[in-house]
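Residue-level structure breakdown
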Amino acid sequence: AGFYTLEQALELACRRGELMQRCGEGQMLALQMSAARWPECQAVVQAQAADALLVLAADNGSNSITLSGDAVAIALAQQWAQTQQVRATVLAVSQAFHSPAFAAMTAEFAQAITHIQPAAGRIPCVSDVTGELLQAADLTPAYWANQITAPVQFRQAVAVAAAATGILLEVGGH
């Protein structure tokens, strides 16, 4: 979108990846259900394992969400999905992306990228954190640190992109 030079974007992505590798293991579970049903699943898992980590990692569409958590929480969420006849797929990942599992590295990441300053973008770009159009002023180190742990607002971002431009190109690291 033109906010960063290639060198800046690579530095940001590489530093993020390097720090994320230091974080612990986790899992993710894709569910074919609306985000409105997420609290049901969360309540059942928390009742069975109060210390388990389980969060809504992504709102992908009207009938598609992704959860992140530890192995116990993901197994319990998968069991809940089976009892509710909700299609569930454990994703082939080694970490619980877009979850508090990465909270320990966000301050270090924000500090490491303070020198990377965005330019005015050339192409409209929608944030997966807020689901709104991005401006260069939004792309602070705090924004990028939050993006690591915040749930992906893909459904909202798609709606905003379609309304603003009629064109959607998703580019990501996964």
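See above for the structure.
Residues numbered from 1 in each chain as written. Predicted model: local features only at pLDDT ≥ 70, side-chain atom pairs only at ≥ 80, totals over all residues. Heavy atoms only, no water.

Turning our attention to helix α1 (residues 6-21). An ideal rise of 1.5 Å per residue puts 22 Å on 16 residues; α1 measures up with 22 Å between its terminal C-alpha atoms. Among the residues making up α1, those that are buried are Gln8, Leu12, Arg16, Leu19 and Met20. Taken end-on, α1 shows its buried residues confined to a sector of 105°, consistent with a single buried face. Turned more than 90 degrees away from the buried face of α1 sit Leu6, Glu7, Cys14 and Gln21, all of them exposed. Each element contacted by the buried residues of α1 is listed here: α4 (103-112) and α5 (141-149). (Helix = DSSP H or I, 4+ residues; strand = E, 2+ residues; numbered from the N terminus. Expected span 1.5 Å × (residues − 1). Buried < 20%, exposed > 50% of the residue type's maximum accessible area, 1.4 Å probe, protein only. Arc of directions from axis to C-beta. Contact = heavy atoms within 4.5 Å.)

With that settled, consider the pattern of salt bridges. Per the stated rule, a full pass over the model turns up 6 salt bridges. Two residues, Glu18 and Arg22, come together in a salt bridge whose shortest N-O distance is 3.7 Å. In this structure Arg22 comes out as exposed when scored by relative accessible area, which is 54%. (Salt bridge = Lys/Arg side-chain N within 4 Å of Asp/Glu carboxyl O.)

Turning to the packing of α1 against α4, a few remarks are in order. Closest axis-to-axis distance for the α1/α4 pair is 10 Å, and the angle between their directions is 155°. Relative to α4, α1 is oriented roughly antiparallel. In this structure, the crossing between α1 and α4 has a hand that is right-handed. Across from Leu12, Arg15, Arg16, Leu19 and Met20 in α1, the residues of α4 making contact are Met105, Glu108, Phe109 and Ala112. (Axes fitted to C-alpha atoms, helices over the stretch in contact; angles between N-to-C directions. Parallel < 35°, antiparallel > 145°, perpendicular 65-115°, else oblique. Left-handed = near helix turned anticlockwise from the far one by under 90°.)

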